[in-house]
Amino acid sequence: VQLVESGGGSVQPGGSLRLSCAASGFTFSGYAMRWYRQAPGKERELVAGISRAGGSTNYADSVKGRFTGSRDNAKNTVYLQMNSLKPEDTAVYYCTRIGRLGTIDLWGQGTQVTVSS
């Protein structure tokens, strides 16, 4: 049972990245998923939530209109499309699984996103 993120990297302000999170070892379509991020010296922040079928999403105010969460249950993968990136988006981004009690019960290893000129 694991989540593996990919797609992080370095980009200039205004650029775009797409993060992917590949799930394995469980019935992916049975779980809502969330993306979190944590910047150095800051608390972990919820970035986006994606419902089990992908039809419902929610976002932090700081990323609304710029980030889009989605999923492909046939590929057991959840995505985070990040556009118009800002330096303050620099963080380690984590993919998480939301368990039956509504709490996080599985974390990915994280992927670094750096936005800098």
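Residues numbered from 1 in each chain as written. Predicted model: local features only at pLDDT ≥ 70, side-chain atom pairs only at ≥ 80, totals over all residues. Heavy atoms only, no water.

**Observations regarding the side chain of arginine 66**
Definition in use: Strands here are runs of E lasting at least two residues and helices are runs of H or I lasting at least four, both read from the DSSP assignment and numbered beginning at the N terminus. Accessible area is worked out with a 1.4 Å probe on protein chains only. A residue is then buried under 20% of its type maximum, exposed over 50%, and partly exposed in between. Pairs of N or O atoms within 3.5 Å make up the polar contacts considered here, provided that, within protein, one atom can donate a hydrogen while the other can accept it, and that residues adjacent in sequence are counted only when both atoms are side-chain atoms. Contacts are residue-level and defined by heavy atoms, with any inter-residue pair within 4.5 Å sufficient.
Along the chain, the position of arginine 66 falls in the loop between β6 (57-59) and β7 (67-72). Classification of arginine 66 by relative accessible area gives buried; the value is 10%. A distance of 2.9 Å separates a polar atom in the side chain of arginine 66 from the backbone oxygen of serine 62. Setting aside its immediate chain neighbours within four residues, arginine 66 contacts Gln81, Met82, Asn83, Ser84, Leu85, Lys86 and Asp89.

**Some remarks on the state of the cysteines**
Note the cut-off: Defined by distance alone, a disulfide is two cysteine sulfur atoms within 2.5 Å.
Following the criterion strictly, the structure yields one disulfide and no others. Cysteine 21 shares a disulfide with cysteine 95; S-S distance 2.1 Å. The disulfide joining cysteine 21 to cysteine 95 has a torsion of about -75° about its S-S bond and is therefore left-handed. With cysteine 21 in strand β3 (residues 17-24) and cysteine 95 in strand β9 (residues 91-98), the pair connects residues that are 74 residues apart, well separated along the chain. The residues cysteine 21 and cysteine 95 share a single accessibility class, namely buried.

**A closer look at the packing of aromatic side chains**
Quick note on the threshold: Two aromatic rings from Phe, Tyr or Trp, using only the six-membered ring of Trp, form a pair when their centres are within 6.5 Å; if the ring planes differ by under 30 degrees the pair is stacked, by over 60 it is edge-to-face, and anything between is tilted.
Going through the model one piece at a time under the given rule, you end up with four aromatic pairs. Ring centres of tyrosine 94 and tryptophan 107 lie 5.7 Å apart, and the angle between their planes is 85°; this geometry places the pair in the edge-to-face category. Taken as a pair, tyrosine 94 in strand β9 and tryptophan 107 in strand β10 (residues 104-107) lie far apart in primary sequence, 13 residues in all. Owing to a relative accessible area of 33%, tryptophan 107 belongs among the partly exposed residues under this scheme. One aromatic cluster is present, built from ring pairs that chain together Phe26, Phe28 and Tyr31.

**Points about the environment of arginine 97**
Along the chain, the position of arginine 97 falls in strand β9. Judged by its relative accessible area of 10%, arginine 97 falls in the buried class. Setting aside its immediate chain neighbours within four residues, arginine 97 contacts Val1, Leu3, Phe26, Tyr31, Ala32, Met33, Thr103, Ile104, Asp105 and Leu106. At 2.8 Å, the side chain of arginine 97 and the side chain of aspartate 105 are in polar contact.

**Topic: the pairing of strand β11 (residues 111-115)**
What counts, and what does not: We call two strands paired when DSSP finds no fewer than two bridges between them.
On β11, burial follows the alternation: Thr111, Val113 and Val115 on one face are buried, whereas Gln112 and Thr114 on the facing-out side are not. In terms of strand pairing, strand β2 (residues 9-11) meets β11 through three bridges, oriented parallel. Bridge assignment links glycine 9 to a residue of β11, and that residue is valine 113. Bridge count between β9 and β11: three bridges; the pairing is antiparallel. Its bridge partner being in β11, tyrosine 93 is matched across the sheet by threonine 111.

The analysis is restricted to geometry; functional conclusions fall outside its scope.
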